[in-house]
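Now for the letters of each chain:
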Amino acid sequence: MEKPFSRACENNRQPILDVIGPLYAGCRAVLEIGSGTGQHAVFFAAQLPHLEWHTSDLPEHHPGIIAWLADAGPGNAHPPLALDVCGDWPALDVDAAFSANTAHIMHWHMVEAMIAGVGQLLPAGGRFALYGPFSYAGHHTSDSNARFDEMLRARDPGMGVRDFDDVTRLAAAAGLELLEDRAMPANNRTLCWQKTAG
């Protein structure tokens, strides 16, 4: 099949790597939640060879991920697992999780399930990075993010740019302590957490 392609993935992969490289330096295995086209997986796995990179997504996205892995995937990038965040999660031994551009296309109950699931999956000291646009105290960080939020909600009222305070409350309830809130290009952020003991 022809591989799916996301220009955004090509544009943001190096800035994201600059954040997750140090974040995952002491980790050995990561679950990517919502691998999408598969582009991030092949790039990050190649750049972070000490990690076993486990891809996942809904089954309809698997052919594209498999095509990218078959064409360019390094040996530490694994075929996609079926993951519905509101269902049963794969039994994996990982100490890191990553997700990009998912929270704003998930409905809120799915965001809740994703973050709770990460909290249950990770051991103490495990790391989680979440990339995408966020608002702060109900205010967008740019006019373009405000327009993007309007577009998402017009397409599906359950979608939308999520608020930093709401997401960090979910993370705290899941035993995740915020390590960093990093500004990224194109008015995005990468939020980084560590699982606390217990």
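Read on for an overview of the structure. Note that this is a predicted model, so its numbers are computed, not measured. (Residues numbered from 1 in each chain as written. Predicted model: local features only at pLDDT ≥ 70, side-chain atom pairs only at ≥ 80, totals over all residues. Heavy atoms only, no water.)

**Observations regarding the overall build of the protein**
- Scanning the protein from N- to C-terminus turns up 6 helices and 9 strands.
- Relative to the globule expectation of 16 Å for 198 residues, the C-alpha radius of gyration of the protein, 16 Å, shows essentially globular dimensions.
- In terms of principal-axis extent, the alpha carbons of the protein reach across some 45 × 45 × 30 Å.
- For the protein, with 198 residues in total, the buried portion stands at 51%.
- Considering only residue pairs separated by 6 or more positions, the protein has 73% of its internal contacts joining residues 24 or more positions apart.
- Counting every atom, the protein has about 8900 Å² of accessible surface; 53% of that belongs to carbon and sulfur.
- Within the protein, one finds 13 positive and 23 negative side-chain charges whose respective centroids are separated by 4 Å. (Helix = DSSP H or I, 4+ residues; strand = E, 2+ residues; numbered from the N terminus. Rg over C-alpha atoms; globule rule 2.2 N^0.38 Å. Buried < 20%, exposed > 50% of the residue type's maximum accessible area, 1.4 Å probe, protein only. Contact = heavy atoms within 4.5 Å. Areas by Shrake-Rupley, 256 points an atom, 1.4 Å probe, with all protein chains shown as cover. Lys, Arg positive; Asp, Glu negative; His and termini not counted. Charge placed at Lys NZ, Arg CZ, Asp CG, Glu CD.)

**So, the packing of helix α4 (residues 108-121) against helix α6 (residues 164-173)**
- Close contact between α4 and α6 brings their axes to 9 Å; oriented N to C, the two are set at 40°. In terms of axis orientation, α4 runs oblique to α6. Like other packed secondary-structure pairs, α4 and α6 cross with a definite hand, here right-handed. Seen from α4, the contacting residues are W108, V111, E112 and I115; seen from α6, they are D166, V167, L170 and A171.
- Partitioned by chemical class, the residues of the contact of α4 with α6 number 6 nonpolar, no polar and 2 charged. (Axes fitted to C-alpha atoms, helices over the stretch in contact; angles between N-to-C directions. Parallel < 35°, antiparallel > 145°, perpendicular 65-115°, else oblique. Left-handed = near helix turned anticlockwise from the far one by under 90°. Nonpolar A, V, L, I, M, F, W, Y, C, P; charged D, E, K, R; others polar.)

**Regarding the layout of surface pockets**
- Here the largest pocket is characterised by a volume of approximately 760 Å³.
- Lining the largest pocket are 32 residues, and of these G34, A100, N101, T102 and I105 sit closest to its centre.
- The element that contributes the greatest number of residues to the lining of the largest pocket is helix α1 (residues 7-23), accounting for 5 residues.
- For the lining of the largest pocket, the residue count by class is 14 nonpolar, 15 polar and 3 charged. (1 Å grid on protein atoms, 1.4 Å probe; cavity = no way out; pocket = protein on both sides within 12 Å on 5 of 7 lines; lining within 4 Å. Points joined across faces, edges and corners; volume = space filled by probe spheres on them.)

**Focus on the packing of aromatic side chains**
- Applying the stated rule across the entire model yields 6 aromatic pairs.
- Ring centres of F128 and W193 lie 5.4 Å apart, and the angle between their planes is 20°; this geometry places the pair in the stacked category. Remark: W193 occurs in strand β9 (residues 188-195) and F128 occurs in strand β5 (residues 127-132); sequence separation between them is 65 residues.
- Centroid distance Y136 to F164: 5.0 Å. Interplanar angle 20°. Geometry classified as stacked. Of this pair, Y136 sits in the loop between β6 (134-135) and α5 (143-155) while F164 sits in helix α6, and the two are 28 residues apart along the sequence.
- Y136 sits in the partly exposed class, given a relative accessible area of 22%.
- An aromatic cluster of at least three residues, connected via ring pairs, comprises F43, F44, W53 and F98. (Phe/Tyr/Trp six-rings, centres within 6.5 Å; stacked < 30°, edge-to-face > 60°.)

**Notes on unusual backbone geometry**
- Located in the positive-phi region is A186, a residue other than glycine, with phi close to 60°.
- Within the secondary structure layout, A186 lies in the loop between β8 (176-184) and β9.

**As for the packing of α1 against helix α2 (residues 39-47)**
- For the pair α1 and α2, interaxial distance at closest approach is 10 Å and the crossing angle is 40°. Regarding the angle of α1 to α2, the classification is oblique. Considering the relative orientation of α1 and α2, their crossing is right-handed. Where α1 abuts α2, its residues C9, E10, N12, R13, Q14, I16, L17 and I20 lie against Q39, H40, F43, F44 and Q47.
- Classifying every residue of the contact of α1 with α2 gives 6 nonpolar, 5 polar and 2 charged.

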